[in-house]
Structures are given as structure tokens and as C-alpha cells.
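# Commentary on secondary and tertiary structure
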Amino acid sequence: GAVVSQHPSWVICKSGTSVKIECRSLDFQATTMFWYRQFPKQSLMLMATSNEGSKATYEQGVEKDKFLINHASLTLSTLTVTSAHPEDSSFYICSATAETGELFFGEGSRLTVL
Amino acid sequence: GNSVTQMEGPVTLSEEAFLTINCTYTATGYPSLFWYVQYPGEGLQLLLKATKADDKGSNKGFEATYRKETTSFHLEKGSVQVSDSAVYFCALREYGNKLVFGAGTILRVKS
């Protein structure tokens, strides 16, 4: 079946640094990808919708300058957490829409900011 | 806005027990409904779905029926296995293929 891969699967960084997380659709082209954030014991909260070749659409309350999203190709979207702080520590999950309309999810990336 | 509420876990069952995980939703119109499963260390996988009222989604022995009258989509399985231990998420789809998730329910099955 269709596969979506995220990298890195976990990352630890110092406060104030920036971290980039990649989301790739390995065997299909995804015009739309979604970025979610999952807090411990809580649900996935949609952060933004990433469209290939255009600016991402952010959900209310999500800081655009804090969470930079780039969807440069039909198989890659990146999420950059800029000037990370401990409160940004979370599990970030991407999903991609296949041509069939079905959504496929990545394994998630756990960010820990010290 | 749209929302999904599912029962809190963890749910702990013995092997071969009957499983029910409740899910109710609030939405305008009649959204498609989904159950996703997240096994340890893996990404979310679609378990089953239903796109209209009275539809029954089924997969791997799991079933859920789209109940418009009660705005519910409860997940059931007649006989759980240890391998079913995972986190289960109920979700509805909004416009633009956006998903709204419930909080997730941890299922632990003991042998």
C-alpha cells in the first residue's frame, strides 16, 4: 500500500534552534499534505494544510512564522519549527492525500526541546 | 465547529473478550466517519470507514455503523486478540479532506 515516511522519527534540540521535519510520499504523488500535532494522551490537532507549489493554509491559533511549511514537490513537504522552545516539544505527524482520495499517515516525529 | 468524542481509556480486556469503543460526533451535515488505529511505534492506519448514514464499515473483524439518529460510530469487535493492542482514533472528515480526531482510546489486550 501507499507509504508516507517522516524523518527524523525523533529529534532533541536546544532551545532557540530550528528543527526541520520531512514528510515524503514514497510511492505516490501528493498534491495535499497535512501536518498534525499530538500532545501526550490527547488527540491530533491539525496545524496546517500544505499544498504543492503554494503557501500552506494554517489553522487558527497556529503561528505561521513559528511553524514554516514548504511543499516544494509532489512527494515532499517539510515542517520547520523555528526558534524552538520547550513548549514546542510534541509529536508531529503528517498525512498525504493519494490520487484515490485516501489519506496515509507518516510514523510521526517526536521533538524534544531542552 | 465539528468535534469527535470517544470514550477514555485505557480499555483493558482479556483475549477473546468483546470490545466496544464509543464514539459520538458533532457536525453540520453528514460527514464521512473513520476509525484509525495506531500500533506502537507506527503511524496511523485506516481501520474502517463509513460515508453515509446506516453504512457499516468493517475490517479485520472490527465493525462500526454510522448512526445518524444518535450521531455515533461505535467500534466493535467480537473477540479481541493481543495483537489488537493499540490506540484507536475516531475521526470525521470535513471539507478539503481535513480530519477531526477524537482523543484516542488505548486498548490493552491481555493473554
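As a reminder, the structure under discussion sits directly above these lines.
One structure accompanies this document, and this report is about it. (Residues numbered from 1 in each chain as written. Chains lettered and ligands numbered in written order. Predicted model: local features only at pLDDT ≥ 70, side-chain atom pairs only at ≥ 80, totals over all residues. Heavy atoms only, no water.)

### Some points on the sheet that holds strand β3 (residues 19–21) of chain B
The pairing of strands in a sheet happens through backbone hydrogen bonds and is either parallel or antiparallel. All names here are of chain B. How we decide: Here the rule is simple: two strands pair whenever DSSP picks up at least two bridges between them. Numbering goes from the N terminus for both helices and strands, where a helix is a DSSP run of H or I of at least four residues and a strand is a run of E of at least two. Axis geometry follows a simple rule: fit a line to the C-alpha atoms, using only the stretch in contact for helices, then measure angles between N-to-C directions, giving values from 0 to 180 degrees.
The sheet built from four strands is open, its strands ordered β3-β9-β8-β7 with antiparallel pairing. Only two strands of the sheet have a single neighbouring strand rather than two, namely β3 and β7 (56–59). Pairwise comparison of adjacent strand axes, ignoring direction, gives a mean angle of 15° for this sheet. Here four bridges tie β7 to strand β8 (residues 62–65), and the two strands are oriented antiparallel to one another. Its bridge partner being in β8, K56 is matched across the sheet by T65.

### Digging into the sheet that holds strand β3 (residues 19–25) of chain A
All names here are of chain A. Within the open sheet, the four strands sit side by side as β1-β3-β8-β7. Their pairing is antiparallel. Each edge of the sheet is formed by a strand with only one pairing partner; in this case those strands are β1 (4–7) and β7 (67–73). In this sheet, neighbouring strand axes are inclined to one another by 15° on average, regardless of whether the strands run parallel or antiparallel. The sheet contact formed by β1 and β3 spans four bridges and is antiparallel. Looking at the pairing, H7 lines up with E22 of β3.

### A few points about the side chain of T105 of chain B
All names here are of chain B. Counted only if it meets this: Whenever a nitrogen or oxygen atom comes within 3.5 Å of another N or O atom, the pair is scored as a polar contact, on the condition that within protein one atom can donate a hydrogen and the other can accept it, and that pairs from neighbouring residues in sequence are kept only if both atoms are in side chains. Contact criterion: two residues are considered in contact whenever any of their non-hydrogen atoms come within 4.5 Å of each other.
Tracing the chain through its elements places T105 in strand β12 (residues 105–110). Side-chain polar atoms of T105 contact the side chain of Q6, separated by 2.9 Å. Beyond its immediate stretch of four places on either side in the chain, T105 contacts Q6, M7, E8, G9, V11, I21, A86, V87 and Y88.

### Thoughts on the pattern of salt bridges
The following threshold applies: Each reported salt bridge corresponds to a side-chain nitrogen of Lys or Arg within 4 Å of a carboxyl oxygen of Asp or Glu. Throughout, exposure labels follow a simple rule: accessible area from a 1.4 Å probe, protein chains only, divided by the maximum for the residue type, with under 20% read as buried, over 50% as exposed, and the rest as partly exposed.
Applying the stated rule across the entire model yields six salt bridges over all chains. One salt bridge connects E22 of chain A with R24 of chain A, and the closest N-O pair in it is separated by 3.4 Å. Relative accessible area serves as the criterion here: at 23%, E22 of chain A is assigned to the partly exposed category. A salt bridge links K77 of chain B to D84 of chain B; the nearest nitrogen and oxygen atoms lie 2.8 Å apart. Of the residues examined, K77 of chain B reaches a relative accessible area of 10% and is grouped as buried. Residue class for D84 of chain B comes out buried when judged on its relative accessible area of 6%.

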